[in-house]
Amino acid sequence: MPFVEDARDARAAAMPILAGLNPEQLAAVTLPPEHALILAGAGSGKTRVLTTRIAWLLQTGQISPGGILAVTFTNKAAKEMLTRLTAMLPLNARGMWIGTFHGLCNRLLRAHYKLANLPQAFQILDTQDQLSAIKRLYKQHNVDDERFPAKQMQWFIAGCKEDGERPGDVAVHDADSRRKVEIYQLYEEQCQREGVVDFGELMLRSYELLRDNDAVRDHYRRRFRHVLIDEFQDTNRLQYAWVKMIVGLPGEGGGAVMAVGDDDQSIYAFRGARVGNMADFVREFHVQHQIKLEQNYRSHSNILDSANALIAHNTKRLGKSLRTDQGAGEPVRVYEAPSDFAEAEWVVDEMRQLVKGEGMARKEIAVLYRSNAQSRVLETQLFNAGVPYRVYGGLRFFERAEVKHALAYLRLLENPRDDTSFLRVVNFPPRGIGARSIEQLQDAARAAGTALADAVASVPGKAGANLAAFVARIDVLREQTEGQTLREIIERMLDDSGLLEHYRAERDGADRVENLQELVNAAESFVTQEGFGRDAVALPVDETAALTQSPASQGLDPNAPLLNEPIAAPPGVVDEDTGETLSPLAAFLTHAALEAGDNQAQAGQDAVQLMTVHASKGLEFDAVFITGLEEGLFPHENSLSDFEGLEEERRLMYVAITRARQRLYLCHAQTRLLHGQTRYNVRSRFLEELPEGALKWLTPRQGGFASIAAAQSGGHRARPAWGNSAIYPDMVASAPLPPRKAEPEHGIRTGAKVFHNKFGEGQVMAVEGSGDDARAQVNFPRHGLKWLALAVAKLTVVE
DNA sequence: TCCTTTCCCATTTTT
DNA sequence: TGGGAAAGGA
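Nothing here was measured: the structure is a model prediction, and the numbers come from that model.

Novice: Could you give an account of the packing of aromatic side chains, naming the residues involved and the relevant values?
Specialist: Under the definition given, this model contains 22 aromatic pairs. Ring centres of F101 and W242 lie 5.6 Å apart, and the angle between their planes is 75°; on these two criteria the pair is classed as edge-to-face. Highlighted residues: F101 in helix 6 (residues 101-111) and W242 in helix 12 (residues 237-247), separated in sequence by 141 residues. Each member of the pair F101 and W242 is classed as buried.

Novice: So, helix 5 (residues 75-88): which residues are in play, and what are the values?
Specialist: The first and last C-alpha atoms of helix 5 sit 20 Å apart over 14 residues, in line with the 20 Å expected at 1.5 Å per residue. Inspection of helix 5 places A78, M81 and L85 among the buried residues, and these make up the whole buried set. Along helix 5, the residues classed as buried sweep out an arc of 65° about the axis, all on the same side. Turned more than 90 degrees from where helix 5 packs its buried face, K76 and A87 sit exposed.

Novice: Summarise the protein's contact with DNA strand C; cite the residues concerned and give the values.
Specialist: If you check the shell around DNA strand C, you find K135, R376, H675 and G676 and nothing else. Within the side chain of K135, one N or O atom sits 2.8 Å away from a phosphate oxygen of DNA strand C. Take G676: an N or O atom from its main chain is 3.3 Å from a sugar or linking oxygen of DNA strand C.

Novice: Any chance you could break down the packing of helix 6 against helix 12 for me, citing the residues and the numbers?
Specialist: At their nearest, the axes of helix 6 and helix 12 sit 12 Å apart, and the two run at 50° to each other. Relative to helix 12, helix 6 is oriented oblique. For the crossing formed where helix 6 meets helix 12, the hand is left-handed. Between helix 6 and helix 12, the contacting residues are F101, H102, L104, C105 and L108 on the first element and Q239, W242, V243 and I246 on the second. Among the residues making up the contact of helix 6 with helix 12, the classes are represented as seven nonpolar, two polar and no charged.

Novice: Help me get a handle on the packing of helix 11 (residues 214-223) against helix 12, residues and values and all.
Specialist: For the pair helix 11 and helix 12, the least separation of the axes is 7 Å and the interaxial angle reads 85°. Between helix 11 and helix 12, the interaxial angle falls into the category roughly perpendicular. Judged by residue contacts, R217, Y220 and R221 of helix 11 engage K244, M245, I246 and V247 from helix 12. Here the residues of the contact of helix 11 with helix 12 are counted per class, giving four nonpolar, no polar and three charged.

Novice: Tell me about the confidence of the model for chain A, and name the residues and values.
Specialist: Within chain A, residue pLDDT values average 83, and 81% of them lie at 70 or more. For chain A, per-element mean pLDDT is lowest for helix 29 (residues 706-712), which scores 40, and highest for strand 13 (residues 621-626), which scores 98. Scored below 50 in pLDDT, residues 533-542 makes 40 contacts in the model with residues more than four places away or belonging to other chains. Counting interchain partners and residues more than four positions distant, the pLDDT-below-50 stretch residues 548-579 has 62 contacts.

Novice: Residue-level account of the side chain of Q442, with values.
Specialist: Here Q442 is to be found in helix 19 (residues 435-448). Given a relative accessible area of 12%, Q442 falls into the buried group. Beyond its immediate stretch of four places on either side in the chain, Q442 contacts R136, Q140, L423 and L452.

Novice: Talk me through the pattern of salt bridges; I want residue IDs and the actual numbers.
Specialist: Using the criterion set out here, one finds 55 salt bridges in the structure. One salt bridge connects E644 with K316, and the closest N-O pair in it is separated by 2.2 Å. Highlighted residues: E644 in helix 27 (residues 643-657) and K316 in the loop between helix 14 (301-311) and strand 9 (332-339), separated in sequence by 328 residues. A salt bridge links R701 to E692; the shortest N-O distance between them is 2.7 Å.

Novice: An account of the pairing of strand 6 (residues 226-229) is requested, with residue identities and associated values reported.
Specialist: Alternating residues of strand 6 divide into H226 and L228 and V227 and I229, and every residue in both groups is buried. The pairing of strand 2 (residues 68-72) with strand 6 spans four bridges and is parallel. In the sheet register, L69 faces strand 6, and the bridge partner there is V227. Relative to strand 7 (residues 256-261), strand 6 runs parallel, the two sharing four bridges.

Novice: Run through the UniProt feature "binding site: ATP" (unreviewed entry) in chain A, naming residues and quoting values.
Specialist: Following the UniProt record, the feature "binding site: ATP" (unreviewed entry) maps to A40, G41, A42, G43, S44, G45, K46 and T47 here. Note that S44 resides in the loop between strand 1 (36-40) and helix 4 (46-59). With relative accessibility at 2%, the residue S44 sits in the buried group. Sequence-distant contacts of S44, that is, excluding residues within four places in its chain, are made with Q25, L293, Q295 and Y297. Examined against the element boundaries, G45 turns out to sit in the loop between strand 1 and helix 4.

Novice: I'd like a description of unusual backbone geometry, backed by residues and values.
Specialist: Backbone torsion omega between F428 and P429 reads -5°, so that peptide bond is classified as cis. Of note, P429 is situated in the loop between helix 18 (419-425) and helix 19. In this model, F634 is joined to P635 through a cis peptide bond whose omega is 10°. Within the secondary structure, P635 is located in the loop between strand 13 and helix 27. At N117, a position not held by glycine, the phi torsion is positive, near 60°. Looking at the secondary structure, you find N117 in the loop between helix 6 and strand 4 (123-125). By relative accessible area, which is 51% here, N117 ends up exposed. Positioned with a positive phi, H286 is a non-glycine residue whose angle comes to about 50°. Looking at the element boundaries, H286 is found in the loop between helix 13 (276-284) and strand 8 (289-293). Looking at H286, the relative accessible area reads 52%, which means it is exposed.

Conventions used here
- Residues numbered from 1 in each chain as written.
- Chains lettered and ligands numbered in written order.
- Predicted model: local features only at pLDDT ≥ 70, side-chain atom pairs only at ≥ 80, totals over all residues.
- Heavy atoms only, no water.
- Phe/Tyr/Trp six-rings, centres within 6.5 Å; stacked < 30°, edge-to-face > 60°.
- Helix = DSSP H or I, 4+ residues; strand = E, 2+ residues; numbered from the N terminus.
- Buried < 20%, exposed > 50% of the residue type's maximum accessible area, 1.4 Å probe, protein only.
- Expected span 1.5 Å × (residues − 1).
- Arc of directions from axis to C-beta.
- Near = heavy atom within 4 Å.
- Polar contact = N/O pair within 3.5 Å; in protein donor to acceptor, adjacent residues only side chain to side chain.
- Axes fitted to C-alpha atoms, helices over the stretch in contact; angles between N-to-C directions.
- Parallel < 35°, antiparallel > 145°, perpendicular 65-115°, else oblique.
- Left-handed = near helix turned anticlockwise from the far one by under 90°.
- Contact = heavy atoms within 4.5 Å.
- Nonpolar A, V, L, I, M, F, W, Y, C, P; charged D, E, K, R; others polar.
- pLDDT = per-residue confidence, 0-100.
- Salt bridge = Lys/Arg side-chain N within 4 Å of Asp/Glu carboxyl O.
- Pairing = 2+ DSSP bridges.
- UniProt positions renumbered as here; feature names shortened; annotations may be inferred.

Following this line, the structure appears as structure tokens:
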């Protein structure tokens, strides 16, 4: 076979896709098939490198689509990758595994559901479902919700799973933790009984599947010669373990891993992301190729200089500095407003300037804030000014109550044992089944050890009859929709369940009715896009048998000649031998659970974009306003107590800054309404960490509180000395003060007990400065540590 | 069974 | 201050 020649030709033909790459990008794209870490700075063309890498591997004939595994964090990123890839080269993407961690885990579990000890049509619990499952369990087992808040329990369970711990693995030190583990155990049993898995379970169960089944693990290790992982800095412990399992460490026969990430953009530690995975990866995989992508194609240099200077204040970094060929551009403008209201006003004014004066498109302007609550003032101002805007965040399509109700009916068609869904709709629309009836049913089901649906006969009287009628209704619907198209099934369900009728009769039900119609559309486009039409591309029922029997399905053998055609029918394509498929309905329900849909209103309109800094990650805009740059808000007060938290806040600020292409505005307000109270805030320390030369202060720059913290402990390592406190006007202090040795005239000494009008009695922890600049750090029992300007604060010495 | 009242809480969030 | 959830009354 003239394979070698083919490959050369292919390599030559591949050149066009390499055109325009800078040297680092080109090096990354054309690395040999060995483990590599790509440190990709913001705006450095990371996605382009990833997709071009895959395209290059394919075009040079080094790999067939079936040998590629590409993992992302969001569905959006996965889609983007696939879109760009198919634009780059004509390609049968079918054999490729591109998706989110959870999507790929789902695929694995569907393909090997027997080995994974799951029912074929297992359903996926989203966060809401999981919480209601826990609450239900609490009632059944008389768990005290006061002592073990359900939300906290949910967090606990998710945390255990992320650490790869089953109930038996969790360390127990006291009665409380023992009880928590018991509840975890009960929760696991409930899920197993009902045939449902939560998000963490998808990861953990597929990890265990690979760990415990040599044949399966070897199959995928042989198959995936190239594994690419995006946003590696966001992986948690379990995800990294999963990667190690599906690839294998060096010498274990797996393919090459290309991890792409940016430690400076790691902003999800609070939900389990471990930046440390990057260093672990380098060590454990003996990574020889590390490439930094530092050329930025997005921003002018004033913006980049600011980002670089800011992030240089972090200590735990792999080290990276962005550069650009674009000129300095506009200075970064800093504005101080008297209040949050005025801040919003100013932002809106400035924004209209950009649109009117500079002809900037509204959708190219973004307003970023640290917490969602800040959007309100902005929205009010925008609304009053008649500026179209769009807020990211909030409920997503598949999370809306009416859509969840509809999905619950559909899930019951697939899996009558799904008690979460059962309870959600057993009396919705209302059909005379009250709390007592349900309690009776739950007792009966528990006594018999069956699902709720199977226990209806044991409930006596009218209640029992009603319940039986409900179950019968679902059963009938299941029979009648047998073999129908997804669209027909859903339309019929909407009618027979009474959902549509119910919302039509409701006063404000129009939107909900519309959403239910939209559900039909979503299903329709799912069918066409995912190929659930005539060709019935679906998941094989069990790939395990196929992989042990058919050598062709073993994927690429490293020693075998490369083939030009797809090696095997990968999971995800119908198994032609058995013809078994997952039903379109089951597949659609999975889709609904794994992809909650859009969470932005009125997409497509030319509107100003409002979002949290977190939500802005990965996006870019011509102009960016970062608002609320105040101590306690950004950095957030809850992050001030520890060093790591502060560094994450700084990375967050770094992400925010690097969203801007041309113009960047930083603003803060002296006062802000929070929880119905006016708070006096001091401008954020982050503003002090930016290079003077890149900034333009639109309002006179006054002393900053943050700079004191820095001066105190000699630079950016400052640990904030104040606690969770609101900051009061008399706490305002000015720029770094030269400590003087002269005897203070205020008479406040370290260790003294003092009295403050607002905070009461407290102990002086430290005193610095003199004259008007003198300030004392006081520990108030009820308000925590505070720095007070002695010229302003009226402190009387008690002792 | 539904609607009102009360209470509690209050970063960031994808799957 | 305001939203969401749970408890209590018609």
